[in-house]
Amino acid sequence: MTDVTGAPADVLHTLFHSDQGGHEQVVLCQDRASGLKAVIALHSTALGPALGGTRFYPYANEADAVADALNLARGMSYKNAMAGLDHGGGKAVIIGDPERIKSEDLLLAYGRFVASLGGRYVTACDVGTYVADMDVVARECPWTTGRSPENGGAGDSSVLTAYGVYQGMRASAQHLWGDPSLRGKRVGIAGVGKVGHHLVEHLRAEGAEVVITDVREDAVGRILAAHPTGVTAVADTATLIRAEGLDIYAPCALGGALNDDTVPALTAKVVCGAANNQLAHPGVEKDLADRGILYAPDYVVNAGGVIQVADELHGFDFDRCKAKASKIFDTTLAIFARAKEDGIPPAAAADRIAEQRMHDAALARRAN
């Protein structure tokens, strides 16, 4: 069944009727000359202009791209709210293989579409896009962050993303084991790309044992070469989640890592990683809780990057950003405390706190 546009009807149902919807605006973008096909989704601007990255990915079809944009934008609203930022949530996806179709003309066309929103959406890097890409987009759009320092930006936001996840792990250790130290803990990381390799550095510096996996052999090889001791690799994520003696599992690749197949197989007592939208569907958070697995909500612990790009709009200062990202430790502990108080999983507790902040902001706007 399709709607009048020919798109699967379940996409519009998600947008207008489901609890996962409620988005303010969705923009479909096409520039035939450059081959650009993109979706820009704005979930909420209650706290301020929507802020979120641009994902460049070879989706199986356009409906999957729209669905991903909707989910990611909604997640950014919650992430920005929990990070204490005066920004709503938005996300963009560019459809296609970046290795094949990414070009200067395509990025410039994309920049023009973002600029057409007049500042309602501020873009940045995500999977498949990099600092150099944002430098190109910024030539057409002033509402672009994640640029290079040479072009007035803050550079790679994965540094503080990894630092925030590390703080989330420390908070999880404090809550579960009564000590924030990760020394001697065994941490499994699925995905050692932009964020994951920085996370390895933090963990090894503290004396944690690290087990890694990645679909790219070169990424694994780089980590093993840099850490001849204290780091081992396994063949795939299925092997990693079943590893004996794993204390913490960190999904740091694409979303949906926690699902009906993986949750029953997990050996770790904590899940805390950088990937967005780790819960494959509603109810997974309860499955984790029922198994006694502590889940640090993804959009809380991976907020270091968005803290960095938001700061770029006001004149970037790394030390100021790192101090803000350090507060992810306290925020994560507060979520665990709220979850215990309300008798709900941590993911639900985080949602309640974020929704309250957005609700209060919307009421204040209407009052003014």
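What counts, and at which threshold
Residues numbered from 1 in each chain as written. Predicted model: local features only at pLDDT ≥ 70, side-chain atom pairs only at ≥ 80, totals over all residues. Heavy atoms only, no water. Helix = DSSP H or I, 4+ residues; strand = E, 2+ residues; numbered from the N terminus. Rg over C-alpha atoms; globule rule 2.2 N^0.38 Å. Areas by Shrake-Rupley, 256 points an atom, 1.4 Å probe, with all protein chains shown as cover. Lys, Arg positive; Asp, Glu negative; His and termini not counted. Charge placed at Lys NZ, Arg CZ, Asp CG, Glu CD. Salt bridge = Lys/Arg side-chain N within 4 Å of Asp/Glu carboxyl O. Phe/Tyr/Trp six-rings, centres within 6.5 Å; stacked < 30°, edge-to-face > 60°. Buried < 20%, exposed > 50% of the residue type's maximum accessible area, 1.4 Å probe, protein only. Lys NZ or Arg CZ within 6 Å of the ring centre and 35° of its normal.

1. Here we look at the overall build of the chain
In step 1: When you go through the chain residue by residue, the secondary structure sums to 15 helices and 12 strands.
In step 2: Against the 2.2 N^0.38 benchmark of 21 Å for 368 residues, the chain shows a C-alpha radius of gyration of 20 Å, consistent with a compact globule.
In step 3: In terms of overall dimensions, the chain has C-alpha extents of about 55 × 45 × 45 Å along its principal axes.
In step 4: When the accessible surface of the chain is split by element, carbon and sulfur atoms take 51% of a total near 15,700 Å².
In step 5: If you average the places of the 34 positive and of the 45 negative side-chain charges in the chain, the two averages end up 3 Å apart.

2. Notes on the pattern of salt bridges
In step 1: With the rule as written, the count across this model stands at 17 salt bridges.
In step 2: Salt-bridge contacts for Asp214 lead to Arg216; the nearest nitrogen and oxygen are separated by 3.0 Å.
In step 3: One salt bridge connects Arg352 with Asp342, and the closest N-O pair in it is separated by 3.1 Å. Highlighted residues: Arg352 in helix α15 (residues 346–367) and Asp342 in helix α14 (residues 328–342), separated in sequence by 10 residues.
In step 4: Salt bridges sharing common partners tie together Arg55, Asp68, Lys91 and Asp126.

3. Some details on the packing of aromatic side chains
In step 1: Summed over the entire model, instances satisfying the criterion amount to four aromatic pairs.
In step 2: Between Tyr57 and Tyr59, the aromatic rings sit 5.1 Å apart at their centres with planes inclined by 70°, giving edge-to-face as the arrangement.
In step 3: Look at Tyr57 and you get partly exposed, because its relative accessible area is 31%.
In step 4: Judged by its relative accessible area of 12%, Tyr59 falls in the buried class.
In step 5: Centroid distance Tyr163 to Tyr166: 6.5 Å. Interplanar angle 45°. Geometry classified as tilted. Taken as a pair, Tyr163 and Tyr166 lie in helix α6 (residues 158–177) at a separation of three residues, close to a single helical turn. Each member of the pair, Tyr163 as well as Tyr166, carries the same accessibility label: buried.
In step 6: The side chain of Lys185 reaches across the aromatic face of Trp177, ending 4.0 Å from its centre.
In step 7: Here the guanidinium or amino end of Lys194 rests over the ring plane of Tyr130, the centre of that ring lying 4.3 Å away.

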